[in-house]
Structure formats: structure tokens, C-alpha cells
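So you can see what is in the structure, the chains are spelled out below.
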Amino acid sequence: MQMTFYFSDTAVLLFDFWNVHSPTGMVLSVLVILLLSVLYEAVKMGKAVLLQRALLALPRSLSQEALSEPPEEDSRDSSPAQGRWFWFHVGQTLFHVLQVVLGYMVMLAVMSYNGWIFLGAIAGSTLGYFLVYPVLGRG
């Protein structure tokens, strides 16, 4: 197994069935890795936007007394903000899992040490950040 970067049109990426043997296959593989990197950046930004919205859903002021009081017996509808916070947290958790899976997939593809795959991951990350960063300003 190659342990230094090399530029070739042959590589095995992530799975045995993703075995590249031609320049066309390498171009398609680089495009897939580029899109995975763009998607990784989009998920990362989506998680940040969701966190921003979750923080806005919290009540404006929370006193220490309200935080330290035990919950009342009949607390089925204790607070609509608390329910929204829970669903924002579930959404963030799902975004986080997706971000970790995509990140490891891109990392393992780069660990093939193929220079073209590495450049595809870098270009995808750059393009993804460039495309989704303005979302934070609008969110």
C-alpha cells in the first residue's frame, strides 16, 4: 500500500467495489469526493444555523430561581420553548451524525494517498465553504 502521495488513475476508495482503473473513473471519483466535501460543509453550516435558531427559541430571560426550582407535578405543557428546544436538539444530533459520517468518508478517501482525490477533497471543502458561508449572514 502506498504511504506517500502519488498521482495515478488507479485507486481503491472506501470499499472494494470502488476500484478505479481508468482516467474517466478517476475523474468521476474526484467529483464524488468533491461533492461529499461540499455536502460536509453544507451540513456543518446547517448545524450552525440550527443552533442559532435554537438559541433564539429559548426564553429571553431565565432567572436562577426558575432554573433551580423543581418541576411541578403537572408539567405536561411546562413550556413551549422547552419542547422546541428538544426538537432543535434532535435536529442538531442528526446533523452531527451526518457530519461525522461524511467527514470520516472524506478522510478515509484521502487516506488512499491519491493526489487527485486529495485535491478533490480540498477543492470541495473550499467550494462548499464559499457557497454556504453566506447562509450564516442571512440566518
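The following paragraphs examine the structure supplied in this document.

Reading guide: rules and limits
- Residues numbered from 1 in each chain as written.
- Predicted model: local features only at pLDDT ≥ 70, side-chain atom pairs only at ≥ 80, totals over all residues.
- Heavy atoms only, no water.
- Helix = DSSP H or I, 4+ residues; strand = E, 2+ residues; numbered from the N terminus.
- Buried < 20%, exposed > 50% of the residue type's maximum accessible area, 1.4 Å probe, protein only.
- Contact = heavy atoms within 4.5 Å.
- Areas by Shrake-Rupley, 256 points an atom, 1.4 Å probe, with all protein chains shown as cover.
- Polar contact = N/O pair within 3.5 Å; in protein donor to acceptor, adjacent residues only side chain to side chain.
- Phe/Tyr/Trp six-rings, centres within 6.5 Å; stacked < 30°, edge-to-face > 60°.
- Axes fitted to C-alpha atoms, helices over the stretch in contact; angles between N-to-C directions.
- Left-handed = near helix turned anticlockwise from the far one by under 90°.
- Nonpolar A, V, L, I, M, F, W, Y, C, P; charged D, E, K, R; others polar.

1. Observations concerning the overall build of the protein
So, step 1. A count of helices and strands for the protein gives five helices and two strands.
So, step 2. Helices and strands in the protein line up, N terminus first, as β-β-α-α-α-α-α.
So, step 3. Sorting the 139 residues of the protein into buried and exposed places 29% on the buried side.
So, step 4. Taking contacts inside the protein between residues at least 6 apart in sequence as the whole, the part at least 24 apart equals 77%.
So, step 5. Accessible surface for the protein amounts to roughly 9,800 Å². Of this, 67% is attributable to carbon and sulfur atoms.

2. Comments concerning the side chain of glutamine 99
So, step 1. Within the secondary structure layout, glutamine 99 lies in helix H3 (residues 80–110).
So, step 2. When its relative accessible area of 10% is taken as the criterion, glutamine 99 is described as buried.
So, step 3. There is a polar contact of 3.4 Å between the side chain of glutamine 99 and the side chain of tyrosine 40.
So, step 4. Beyond its immediate stretch of four places on either side in the chain, glutamine 99 contacts Tyr40, Val43, Lys44 and Lys47.

3. Describing the packing of aromatic side chains
So, step 1. Taken as a whole, this structure holds six aromatic pairs when the rule is applied.
So, step 2. Geometrically, the ring pair formed by phenylalanine 5 and tyrosine 113 is edge-to-face, given 5.6 Å between the ring centres and 70° between the ring planes. With phenylalanine 5 in the segment before strand S1 (11–12) and tyrosine 113 in the loop between H3 and helix H4 (115–132), this residue pair connects regions lying 108 residues apart in the sequence.
So, step 3. The exposure class assigned to phenylalanine 5 is partly exposed, which follows from its relative accessible area of 45%.
So, step 4. An aromatic cluster is present here, built from Phe5, Tyr113 and Phe118 joined pairwise through their rings.

4. Digging into the packing of helix H1 (residues 23–57) against H4
So, step 1. For the pair H1 and H4, interaxial distance at closest approach is 7 Å and the crossing angle is 35°. Handedness of the crossing formed by H1 with H4: right-handed. Along its contact with H1, which presents Met26, Ser29, Val30, Ile33, Leu34, Ser37, Val38, Glu41, Ala42 and Met45, the element H4 presents Trp116, Ile117, Gly120, Ala121, Ala123, Gly124, Ser125, Leu127, Gly128, Tyr129 and Val132.
So, step 2. Taken together, the residues of the contact of H1 with H4 break down into 14 nonpolar, six polar and one charged.

Remember that the coordinates give geometry; whether it matters functionally is a separate question.
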